Amino acid sequence: MELDVRNKVVLITGAAGGIGAATARAFAEEGAQLALVDLDEDGLSILTHDLEAKGVAVSIAVADLSTRSGVEAGIEEALEAYAGRIDVLVNNVGVCKLGSFDQLSDADWMRTWQLNFMSYKRASELVLPVMRAQGHGCIVNNASDLARQPEASFADYAAAKAAALSLTKSLAYEGAPLIRVNAVAPGPIQTPLWTRPGGLADGLALLHQRPAEEAVAYELSLRRLPLGRLGRPEEVANVIVFLASNRASYVTASVWGVDGGSIRSLF
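Quick notes on the rules
Residues numbered from 1 in each chain as written. Predicted model: local features only at pLDDT ≥ 70, side-chain atom pairs only at ≥ 80, totals over all residues. Heavy atoms only, no water. Core = buried A, V, L, I, M, F, W, Y, C linked by side-chain atoms within 4.5 Å. Buried < 20%, exposed > 50% of the residue type's maximum accessible area, 1.4 Å probe, protein only. Helix = DSSP H or I, 4+ residues; strand = E, 2+ residues; numbered from the N terminus. Contact = heavy atoms within 4.5 Å. Axes fitted to C-alpha atoms, helices over the stretch in contact; angles between N-to-C directions. Parallel < 35°, antiparallel > 145°, perpendicular 65-115°, else oblique. Left-handed = near helix turned anticlockwise from the far one by under 90°. Nonpolar A, V, L, I, M, F, W, Y, C, P; charged D, E, K, R; others polar. Pairing = 2+ DSSP bridges. Phe/Tyr/Trp six-rings, centres within 6.5 Å; stacked < 30°, edge-to-face > 60°. Salt bridge = Lys/Arg side-chain N within 4 Å of Asp/Glu carboxyl O. Expected span 1.5 Å × (residues − 1). Bend = angle between axes of the 7 residues up to and from the residue. Right-handed = clockwise from strand over helix to strand, strands pointing away. Lys, Arg positive; Asp, Glu negative; His and termini not counted. Polar contact = N/O pair within 3.5 Å; in protein donor to acceptor, adjacent residues only side chain to side chain.

**Student:** An account of the nonpolar core is needed here, citing residue identities and associated values.
**Tutor:** Counting 37 residues, the largest nonpolar core has Val-10, Ile-12, Phe-27, Leu-34, Leu-36, Leu-51 and Ile-240 as the members making the most contacts within it. Looking at this core, the elements that each hand over two or more residues are strand 1 (9-13), helix 1 (18-29), strand 2 (33-38), helix 2 (41-52), strand 4 (88-91), strand 5 (137-142) and helix 9 (233-244). Other than its neighbours up to four places away in sequence, Ile-240 contacts Ile-19, Thr-23, Phe-27, Val-90, Val-140 and Val-184. Judged by nonpolar contacts, the second largest core, of 33 residues, contains Leu-11, Phe-117, Ala-163 and Val-181.

Listed below in structure tokens is the structure:
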């Protein structure tokens with residue numbers, strides 16, 4: 001299916017790895033031009049090298065997206081190569097720290113809130129005037145199944161992601177009819193958030209008192225996940241590209257679960 005995103009300028013935050021990098025590659029395969037922002041300079045460089053070797057137009061910026069100044073500087077730098085033009089914003093950056101409610105400090109909550117929600121708000125705030133002026137645009141927010149079905153040990157993350165869904169709905173009405181705004185809500189996805197040393201897999205190993213791989217499998221069994229496995233980043237990326245494309249021209253204010261069936265409610 002031709003998705004009609006060729007030559008569109010797509011800005012992706014948190015683009016250096018995981019779902020962000022997979023999304024960049026998926027848009028590249030459809031002929032989009034990329035503006036990528038992340039704090040991970042090495043990850044951005046590796047991704048950019050791979051994409052440019054395939055003839056993809058890529059502009060990058062290294063920035064701390066947990067601050068207003070970082071969001072503003074990062075987006076401005078990343079879009080400079082395209083004279084400030086932007087057709088699609090993918091708000092993807094995020095952090096998640098495993099811990100019970102009693103273990104999470106105010107600092108933990110604020111760090112999660114600044115990166116997982118305020119970066120989305122600030123990035124959207126910056127690009128909406130451009131999209132309005134050009135008469136079109138699309139925003140896709142990366143949320144989480146935990147936004148709709150919270151679990152223990154992720155209270156700050158779930159709350160910030162729920163706020164991202166609320167923001168998605170508000171911006172969809174604010175931007176209509178010219179600007180579409182949607183969200184994806186991934187379930188457990190095999191990204192560095194899970195697999196890196198000290199990541200969620202290691203945290204679950206401590207929580208469930210078993211080796212990391214067994215702990216992840218046990219966690220998935222507790223969630224009664226029908227597909228019974230971690231998802232792949234590209235499985236989320238494919239849905240993001242669809243939502244940003246003209247093939248989803250009548251889709252806005254929606255939340256698309258890419259969760260292996262983790263959400264058990266009817267609606």
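**Student:** Describe in detail the packing of helix 1 against helix 9, supporting the description with residues and values.
**Tutor:** Where helix 1 meets helix 9, the closest approach of the two axes is 8 Å, and the angle between their N-to-C directions is 55 degrees. Viewed along their axes, helix 1 and helix 9 adopt a mutual orientation that is oblique. Once helix 1 is placed against helix 9, the crossing between them reads as right-handed. On the side of helix 1, the interface is formed by Gly-18, Ile-19, Ala-22, Thr-23, Ala-26 and Phe-27, while helix 9 contributes Pro-233, Glu-234, Val-236, Ala-237, Asn-238, Ile-240, Val-241 and Ala-244. Here the residues of the contact of helix 1 with helix 9 are counted per class, giving ten nonpolar, three polar and one charged.

**Student:** So what's going on with unusual backbone geometry? Which residues, and what values?
**Tutor:** Put simply, Ala-176 and Pro-177 share a cis peptide bond, and its omega is 0 degrees. Relative to the helices and strands, Pro-177 is located in the loop between helix 5 (155-175) and strand 6 (179-186). If you check the backbone angles, Ala-83 has positive phi at about 55 degrees while not being a glycine. Its location among the elements puts Ala-83 in the loop between helix 3 (68-79) and strand 4. One non-glycine residue, Ala-253, lies in the positive phi region at around 60 degrees. Mapped onto the fold, Ala-253 is located in the loop between helix 9 and strand 7 (255-258).

**Student:** How would you sum up the sheet that holds strand 3 (residues 58-62)? Please name residues and give values.
**Tutor:** Reading across the sheet, the seven strands line up as 3-2-1-4-5-6-7 and stay open at both edges, with parallel pairing between neighbours. Edge positions in the open sheet fall to strand 3 and strand 7, since each of these has one partner strand only. Taken over all neighbouring pairs, the strand axes of this sheet differ in orientation by 15 degrees on average, direction set aside. The pairing of strand 5 with strand 6 spans six bridges and is parallel. Paired with Cys-138 across the bridge in strand 6 is Arg-180. Packing of helix 4 (residues 106-134) onto the sheet brings it into contact with strand 1, strand 4, strand 5 and strand 6, and relative to strand 4 it is tilted by some 175 degrees. Contacts between helix 5 and the sheet are confined to strand 5, strand 6 and strand 7, with strand 6 contributing the most and set at about 160 degrees to the helix.

**Student:** Could you give an account of the packing of aromatic side chains, with specific residues and numbers?
**Tutor:** Counted according to the given criterion, the structure contains three aromatic pairs. On the numbers, 6.3 Å between centres and 80 degrees between planes, the contact of Phe-101 with Trp-109 is edge-to-face. Using a relative accessible area of 58% as the deciding quantity, one classes Phe-101 as exposed.

**Student:** Can you tell me about the pattern of salt bridges, naming the residues and giving the values?
**Tutor:** Within this structure, the stated rule accounts for eight salt bridges. Linking Glu-234 and Arg-232 is a salt bridge whose minimum nitrogen-to-oxygen distance equals 3.4 Å. Three or more residues are tied together by salt bridges with common partners; here these are Arg-68, Glu-72, Lys-121 and Glu-125.

**Student:** Account for helix 4, naming residues and giving values.
**Tutor:** The terminal C-alpha atoms of helix 4, which comprises 29 residues, lie 41 Å apart, in line with the 42 Å expected from a rise of 1.5 Å per residue. Along helix 4, the sharpest kink reaches roughly 40 degrees, centred on Met-118. Where helix 4 terminates, the next one or two residues include Gly-135, which has phi positive at roughly 85 degrees.

**Student:** An account of the pairing of strand 1 is requested, with residue identities and associated values reported.
**Tutor:** Burial analysis of strand 1 places five of its five residues in the buried class, the great majority of the element. Neither face of strand 1 is open: one carries Val-9, Leu-11 and Thr-13, the other Val-10 and Ile-12, and all of them are buried. As judged from the five bridges shared by strand 1 and strand 2, these two strands associate in the parallel manner. Looking across to strand 2, one finds that Ile-12 is bridged to Leu-36. Taken together, strand 1, helix 1 and strand 2 constitute a β-α-β crossover, and its handedness is right-handed.

**Student:** Describe the side chain of Lys-8, listing the residues and the values that go with them.
**Tutor:** Mapping Lys-8 onto the fold places it in the segment before strand 1. Salt bridges are absent for the buried Lys-8, whose nearest opposite-charge side chain, Asp-87, sits at 6.5 Å. Within the structure, the side chain of Lys-8 is placed 3.3 Å from the side chain of Asn-246, a separation counted as a polar contact. Among residues more than four places away in sequence, those in contact with Lys-8 are Ala-32, Gln-33, Arg-85, Asp-87, Ala-244 and Asn-246.

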